[in-house]
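Now for the letters of each chain:
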Amino acid sequence: MNKDSGGRVTRDGIRIYDPVDFAGMHRAGELAAQILDEVADHVFVGQTTGAIDDYIRNRVNDAGATSATIGYKGYQHASCISVNHVVCHGIPGDKKLKDGDILNIDVTVIVDGWFGDTSRMYVAGKLARKAERLIQVTHDSLMKGIEAVKPGNTFGDIGHAIQTYVEANRMSVVRDFCGHGLGRVFHAPPNVLHYGRAGTGAVLEEGMFFTIEPMVNLGRPETKVLADDWTAVTRDKSLSAQFEHSVGVTANGVEIFTPSPAGRFHPTYG
């Protein structure tokens, strides 16, 4: 399942995939995005995060695909569900959603050996104004980062685009977690930082596949991992949001492998 193949590897350890490999990534990304479209109807006040994860697990199985997270380093769920001040890697369970809760749901599936990895924000009940603004800035920062993806640019250009946009909106970018290479493996070089200096880092080349997944906090950027060794939270208990796409570098720019088929990537469906 984790055996990589195809293309060459750069001196930075980044695999360059062949043009025919884009189709496999699109298939995997489409299923992950389709599942997240459907999940929207299962997010409501009183729902448990465990019930949402059960739906995702069943949907992955029904599609004849494999969950990349079940069994990964001992993890036993088909998704990570991170509520309010949970930054990432929230474990689904018996917690019931309350009115105004915001949550990130992160799903990775394996289709024909290709990994589709994406996450987006959801809202239970009425969305508070400060949470709405956080979600919008986080969404837009992801898109700013994607706009920087083209051959000849650097990974530092991606991080710089995200960081400058977020900080201009008086929010902070989490430093402790980052995007990653993927393809026929779940995690591979490079680390895709969501902050940095323009013109630094490895140069983008056609055929690179990776995720961009900025985590943005209303307060300070510092995080801590709880005793379960998975759940990361903001140290100051401020709200956090995240959006994630898997992308591939093309000859002229970028392809997003995980767009929402129903136009539901943003929780207001805008």
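Residues numbered from 1 in each chain as written. Predicted model: local features only at pLDDT ≥ 70, side-chain atom pairs only at ≥ 80, totals over all residues. Heavy atoms only, no water.

- The name an unreviewed UniProt entry assigns to the chain is Methionine aminopeptidase, from the organism Thalassococcus lentus.
- Turning to the chain, the UniProt annotation filed under Subunit (unreviewed entry) states: "Monomer."
- Comment text from UniProt for the chain, heading Function (unreviewed entry), reads "Removes the N-terminal methionine from nascent proteins. The N-terminal methionine is often cleaved when the second residue in the primary sequence is small and uncharged (Met-Ala-, Cys, Gly, Pro, Ser, Thr, or Val). Requires deformylation of the N(alpha)-formylated initiator methionine before it can be hydrolyzed." (UniProt positions renumbered as here; feature names shortened; annotations may be inferred.)

**So, the nonpolar core**
Here's step 1: Judged by nonpolar contacts, the single largest core of 34 residues is most densely connected at V43, I52, I56, L103 and I105.
Here's step 2: Only α1 (21–39), α2 (49–62), β4 (80–83), β6 (102–111) and β7 (114–123) provide two or more residues apiece to this core.
Here's step 3: Broken down by element, this core gets its largest block of residues, eight residues, from α1.
Here's step 4: In this view, I52 contacts V39, H42, V43, Q47, I81, L97, L103 and I105; residues no more than four positions away in its chain are not counted.
Here's step 5: Grouped together as the second largest cluster of nonpolar side chains are 33 residues, V166, L239, A241 and F243 included. (Core = buried A, V, L, I, M, F, W, Y, C linked by side-chain atoms within 4.5 Å. Buried < 20%, exposed > 50% of the residue type's maximum accessible area, 1.4 Å probe, protein only. Helix = DSSP H or I, 4+ residues; strand = E, 2+ residues; numbered from the N terminus. Contact = heavy atoms within 4.5 Å.)

**What about the UniProt feature "binding site: a divalent metal cation 1" (unreviewed entry) in the chain?**
Here's step 1: The UniProt record annotates "binding site: a divalent metal cation 1" (unreviewed entry) at D106, D117 and E244. A maximum C-alpha distance of 8.1 Å places the annotated residues, which cover 139 residues in sequence, within one compact spot. Lining the largest pocket, from the residues just named, are D106, D117 and E244.
Here's step 2: Looking at the element boundaries, D106 is found in strand β6.
Here's step 3: Contacts of D106, omitting those with residues within four sequence positions, involve A78, S79, C80, D117, T118, S119 and E244.
Here's step 4: Inspection of the secondary structure puts D117 in strand β7.
Here's step 5: The contacts of D117, once residues within four sequence positions are left out, are D106, V107, T108, H180, L182, F186, T211, E244, H245, S246 and T258. (1 Å grid on protein atoms, 1.4 Å probe; cavity = no way out; pocket = protein on both sides within 12 Å on 5 of 7 lines; lining within 4 Å.)

**Digging into the packing of helix α3 (residues 129–147) against helix α4 (residues 155–168)**
If you want to describe how two helices pack, look at the angle between their axes and the distance between the axes.
Here's step 1: Here α3 crosses α4 at 150°, and the two axes come no closer than 8 Å. The angle between the axes of α3 and α4 places the two elements in the roughly antiparallel class. As α3 runs across α4, the sense of the crossing is right-handed. Judged by residue contacts, V137, D140, S141, K144 and G145 of α3 engage I158, A161, I162, Y165 and V166 from α4.
Here's step 2: Counted by class, the contact of α3 with α4 contains six nonpolar, two polar and two charged residues. (Axes fitted to C-alpha atoms, helices over the stretch in contact; angles between N-to-C directions. Parallel < 35°, antiparallel > 145°, perpendicular 65-115°, else oblique. Left-handed = near helix turned anticlockwise from the far one by under 90°. Nonpolar A, V, L, I, M, F, W, Y, C, P; charged D, E, K, R; others polar.)

**Considering α2**
Here's step 1: For α2, built from 14 residues, the straight-helix expectation of 20 Å at 1.5 Å per residue is met to within 8% by its first-to-last C-alpha distance of 20 Å.
Here's step 2: Residues of α2 that are buried include every one of T49, G50, I52, D53, I56 and V60, and no others. Buried residues of α2, viewed axially, fall in a sector of 155°; they line one side.
Here's step 3: Two residues or fewer past α2, G64 is found with a positive phi of approximately 75°. (Expected span 1.5 Å × (residues − 1). Arc of directions from axis to C-beta.)

**Points about the sheet that holds strand β5 (residues 86–88)**
Here's step 1: Spatially, β5-β14-β13 is the arrangement adopted by the three strands of the open sheet, whose pairing is antiparallel. Only two strands of the sheet have a single partner each, and these edge strands are β5 and β13 (223–225). Neighbouring strand axes in the sheet, compared pairwise and without regard to direction, differ in orientation by 40° on average. (Pairing = 2+ DSSP bridges.)

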